[in-house]
Amino acid sequence: MDNQPPVHSYLREPSGLKSWLLTRDHKRIGVLYLIGIMTAFVIGGVLALMIRLELLRPGPTLFTPDTYNKIFTLHGAVMIFLFIIPSIPAALGNFVLPLLIGAKDVAFPRLNLASWYIYVVGTVVALYSIFAGAVDTGWTFYTPYSTQSTTTVTAMTLGAFILGFSSILTGLNFIVTVHKLRAPGMTWFRMPLMVWALYATAVIQILATPVLGITLVLLILERLFGIGIFDPAMGGDPVLYQHFFWFYSHPAVYIMILPGMGIISELISTFSRKTIFGYRFIAFSSVAIALLGFLVWGHHMFVSGQSELASMVFSALTFLVAIPSGIKIFNWLATMYKGQISFTTPMLYALSFLCTFTVGGLTGIFLGTLSVDVHLHDTYFVVAHFHYVMVGGTVMALLGGVHYWWPKMFGRMYSEFWGRIAAIIIFVGFNLTFFPQFVLGSQGMPRRYFDYIPEYHSLHATSTVGSWVMTIGFLIMAAYLIRSFSHGAIPGDNPWGSLSLEWTTTSPPPTENFAVTPQITHGPYDYDQMTAASTLARHGTGAR
């Protein structure tokens with residue numbers, strides 16, 4: 001792109017705080033989301049450290065049981081509703097989607113800005129609940145406790161309700177953008193797999209999120225006016241809440257993980273220098289996961305009293321939903337086979353994803369098996385499985401995506417040396433934190449308990465030390481990323497030598513993304529037909 005006419009960076013033009021607060025540029029909105037979700041991640045992370053500190057040894061350590069209940073509830077609610085759900089779609093998705101398909105912006109830029117402000121309002125309302133007394137029900141807000149608790153359940157659920165609108169509007173924007181704004185020559189099967197993943201995610205956002213919204217409104221009405229829909233004394237059914245909640249919240253798992261899978265497809269092909277193996281299988285697997293995800297909510301309720309037939313059907317469907325995930329894992333491994341793998345920081349996160357998400361997925365099969373689930377239900381095995389999918393999957397993919405597109409977003413390269421060190425430390429700390437919890441759960445340690453018997457001490461202590469190791473990794477990462485703004489080398493337009501479209505424009509891109517409308521003549525993974533030279537050699541390694 002050295003021969004391209006000079007263009008201006010979206011970061012600098014237009015300038016001023018007002019230009020950022022009223023921006024309709026998808027890249028700036030993506031950066032605003034990134035700041036928001038990382039702030040939520042820090043809050044949720046501090047709450048997680050407080051939980052692990054309390055569990056460092058048996059008996060009361062730092063908090064009372066009531067305070068502990070509030071801390072783990074806030075950790076779950078902040079991490080799920082404020083961080084993980086909007087993390088990849090709203091932050092990275094907003095930034096890269098139009099760039100990946102050759103568009104100037106999303107289909108509805110004003111709606112996109114409105115989505116961000118709705119996210120901010122929802123976040124403020126949710127955080128208000130912390131200062132107004134916090135919530136102690138667990139992030140699932142199960143009835144009847146959530147209808148009887150004197151804590152600030154109404155404020156927190158209202159915050160989640162508002163956040164849902166942001167998610168729906170973002171999904172709507174992405175679907176229309178993919179249908180209407182693809183560059184000439186960008187056919188459906190020339191789209192990067194990240195776009196397929198975002199598209200499938202958007203379908204879930206639009207179809208599932210309204211169900212959660214209605215459920216939370218009913219919960220608020222139940223608390224305020226006692227309408228009786230969840231109260232058995234008035235003819236209601238508390239289990240009905242679980243059906244409503246999980247009809248959304250299990251597909252929401254795929255809102256969190258599907259975009260991460262899209263990132264992994266980009267990373268593995270780019271850093272293996274190979275055409276992605278089984279492109280169409282991976283693309284259709286994203287759609288299959290999105291559709292099958294609506295049919296498995298009952299596997300969260302095997303011990304809730306639902307019929308044996310219903311449990312058998314949900315168990316079988318749970319096994320079915322594992323197939324498209326397995327297809328993706330196989331195709332990523334096949335892509336790496338005989339590839340020219342370079343162990344850059346983003347690739348290390350992709351490899352971490354493959355290890356940890358596979359463990360999370362496999363243990364999900366255990367929990368989908370009726371007889372095994374009865375033993376493991378509500379134990380630390382579930383906590384470990386959930387974190388291997390959400391942190392080992394989504395967060396690892398998010399970190400890989402942030403490091404992959406960081407040079408494009410900010411026009412600066414971070415230290416590759418410290419990037420690799422931090423990635424290894426985070427991987428070690430993560431497994432040290434959560435793998436012992438599989439053992440704890442298999443031995444019967446219930447989740448959400450303030451205290452435990454001395455026999456569990458060594459495993460809990462190991463888990464707590466692991467959380468400290470992981471924190472060190474995140475602090476190193478924050479330090480070198482912040483330092484890159486002032487000391488990072490100039491990466492050039494295409495530091496990774498990738499063939500996908502976003503790397504053909506400048507780093508950072510101009511407001512209109514491309515100087516001229518791109519004409520698509522090849523796929524994003526055609527490494528068997530062509531190459532793209534890395535611009536790092538001309539601009540420096542960034543290892544400073």
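Scroll up to find the structure.
Thresholds, definitions, all that
Residues numbered from 1 in each chain as written. Predicted model: local features only at pLDDT ≥ 70, side-chain atom pairs only at ≥ 80, totals over all residues. Heavy atoms only, no water. Helix = DSSP H or I, 4+ residues; strand = E, 2+ residues; numbered from the N terminus. Rg over C-alpha atoms; globule rule 2.2 N^0.38 Å. Buried < 20%, exposed > 50% of the residue type's maximum accessible area, 1.4 Å probe, protein only. Patch = residues over 30% accessible without salt bridge, like charges linked within 9 Å, V, L, I, M, F, W, Y side chains within 5 Å. Areas by Shrake-Rupley, 256 points an atom, 1.4 Å probe, with all protein chains shown as cover. Salt bridge = Lys/Arg side-chain N within 4 Å of Asp/Glu carboxyl O. 1 Å grid on protein atoms, 1.4 Å probe; cavity = no way out; pocket = protein on both sides within 12 Å on 5 of 7 lines; lining within 4 Å. Points joined across faces, edges and corners; volume = space filled by probe spheres on them. Nonpolar A, V, L, I, M, F, W, Y, C, P; charged D, E, K, R; others polar. Core = buried A, V, L, I, M, F, W, Y, C linked by side-chain atoms within 4.5 Å. Contact = heavy atoms within 4.5 Å. Expected span 1.5 Å × (residues − 1). Phe/Tyr/Trp six-rings, centres within 6.5 Å; stacked < 30°, edge-to-face > 60°. Axes fitted to C-alpha atoms, helices over the stretch in contact; angles between N-to-C directions. Parallel < 35°, antiparallel > 145°, perpendicular 65-115°, else oblique. Left-handed = near helix turned anticlockwise from the far one by under 90°. Polar contact = N/O pair within 3.5 Å; in protein donor to acceptor, adjacent residues only side chain to side chain.

S.K.: Help me out: how do you make sense of the overall build of the protein in this one?
M.R.: A tally of helices and strands in the protein yields 16 helices and zero strands. Compactness check: the protein gives a C-alpha radius of gyration of 23 Å against a globular reference of 24 Å for 544 residues, within 12% of the reference. Seen through its C-alpha atoms, the protein measures out along the principal axes to roughly 75 × 45 × 45 Å. Sorting the 544 residues of the protein into buried and exposed places 58% on the buried side.

S.K.: What is the right way to look at a nonpolar patch on the surface in this model?
M.R.: Taken together, L53, L62, L432, V465 and W468 make up a surface patch of nonpolar side chains, about 400 Å² in accessible area. When you line up the elements, L62 lands in the loop between α2 (26-54) and α3 (65-101).

S.K.: Whenever I open this one, the pattern of salt bridges confuses me. Can you help?
M.R.: Inspection of the entire model under this criterion finds three salt bridges. Here K27 makes a salt bridge to D25, at a shortest N to O gap of 3.0 Å. For the pair shown, K27 and D25 are each scored as buried. Where R420 meets E416, a salt bridge forms, and the shortest distance between an N and an O atom there is 3.1 Å. Of this pair, R420 and E416 both sit in helix α14 (residues 416-442), four residues apart, roughly one helical turn. Owing to a relative accessible area of 36%, R420 belongs among the partly exposed residues under this scheme. Residue classification places E416 among the buried positions, given a relative accessible area of 8%.

S.K.: Which parts of the structure should I look at to understand empty space enclosed by the protein?
M.R.: Applying the stated rule across the entire model yields two cavities of 30 Å³ or more. When its volume is computed, the largest cavity comes out at roughly 180 Å³. As for the largest cavity, its lining consists of 17 residues, and the residues nearest its centre are F81, I85, P86, L163 and S167. Put simply, the parts of the chain that give the lining of the largest cavity at least two residues each are α3, α6 (153-180) and α7 (193-225). If one sorts the elements of the lining of the largest cavity by residue count, α6 sits on top with six residues. In the lining of the largest cavity, the residues fall into eleven nonpolar, six polar and no charged.

S.K.: Explain the nonpolar core here, please?
M.R.: If you look at soluble globular proteins, the nonpolar side chains tend to sit buried side by side. In this structure, F81, F83, W332, F353, W405 and M409 are the most contacted members of the largest nonpolar core, which totals 158 residues. By residue number, the principal contributor to this core is α3, which donates 23 residues.

S.K.: What exactly am I supposed to notice about unusual backbone geometry here?
M.R.: Here the residue pair T143 and P144 is connected by a cis peptide bond, since its omega of 5° sits within 30 degrees of zero. Residue F141 is not a glycine yet carries a positive backbone phi of 55°. Along the polypeptide, F141 turns up in the loop between α4 (109-131) and α5 (145-148). Given the relative accessible area of 1%, F141 is considered buried.

S.K.: What is the right way to look at the side chain of T177 in this model?
M.R.: Within the secondary structure, T177 sits in helix α6. Since its relative accessible area comes to 0%, T177 is described here as buried. Ignoring sequence-local partners within four residues, the contact set of T177 consists of L97, I101, D105, V106, A107 and R182.

S.K.: Whenever I open this one, helix α9 (residues 279-292) confuses me. Can you help?
M.R.: Side chains of residues three or four places apart in an α-helix project in the same direction, reflecting 3.6 residues per turn. Look at α9: 20 Å from first C-alpha to last across 14 residues, which is about the 20 Å you get at 1.5 Å a residue. Considered for burial, the residues of α9 that qualify are Y279, I282, A283, S285, S286, I289, A290 and L292.

S.K.: I would appreciate a short explanation of the packing of aromatic side chains in the present structure.
M.R.: To describe a pair of aromatic rings, you give the distance between the ring centres and the angle between the ring planes. Summed over the entire model, instances satisfying the criterion amount to 46 aromatic pairs. Between the aromatic rings of F353 and F357, the centroid separation amounts to 5.1 Å while the plane-to-plane angle is 15°, which identifies the pairing as stacked. Here the residue F353 and the residue F357 both occupy positions in helix α11 (residues 345-368), the gap between them amounting to four residues, near one helical turn. By relative accessible area, F353 is classed as buried at 0%. On the basis of relative accessible area, F357 is assigned to the buried category, the value being 7%. Among the aromatic residues, those joined into a ring-pair cluster are F81, W139, F141, Y142, F230, Y241, F245, W246 and F386.

S.K.: Would you explain the packing of helix α13 (residues 380-410) against α14 in this entry?
M.R.: The relative placement of two packed helices is expressed as an angle between their axes plus a distance between the axes. One way to put it is that α13 packs onto α14 with a least axis distance of 7 Å and a crossing angle of 160°. Here α13 is positioned roughly antiparallel relative to α14, judged by the angle of their axes. Crossing handedness for the pair α13 and α14: left-handed. Of the residues in α14, those touching α13 at Y380, F381, V383, A384, H385, H387, Y388, V391, G392, M396 and L399 are I426, F427, F430, N431, F434, F435, Q437, F438, L440, G441 and S442. Of the residues assigned to the contact of α13 with α14, the class counts are 15 nonpolar, seven polar and no charged.

S.K.: It is not clear to me how the side chain of T143 should be interpreted in this structure. Could you clarify?
M.R.: When you line up the elements, T143 lands in the loop between α4 and α5. Among residues more than four places away in sequence, those in contact with T143 are L219, F230, P238 and Y241.

S.K.: I'm lost on α4 in this one. Help?
M.R.: Between its first and last C-alpha atoms α4 spans 34 Å; for 23 residues at 1.5 Å apiece the expected length is 33 Å, and the two agree. Those residues of α4 lying buried are N112, L113, S115, W116, Y119, G122, T123, V125, A126 and S129. Packing partners of the buried residues in α4 comprise α1 (17-21), α2, α3 and α6. Looking at the residues trailing α4, positive phi occurs at G133, about 130°.

S.K.: How should I be thinking about the environment of N494 in this particular structure?
M.R.: Inspection of the secondary structure puts N494 in the loop between α15 (457-487) and α16 (536-539). Put simply, N494 and Y380 are 114 residues apart on the chain and 44 Å apart in space, counted from C-alpha to C-alpha. When residues no more than four places from it in sequence are discounted, the contact partners of N494 are W503, A532, A533, S534 and T535. There is a polar contact of 3.1 Å between the side chain of N494 and the backbone nitrogen of G497.

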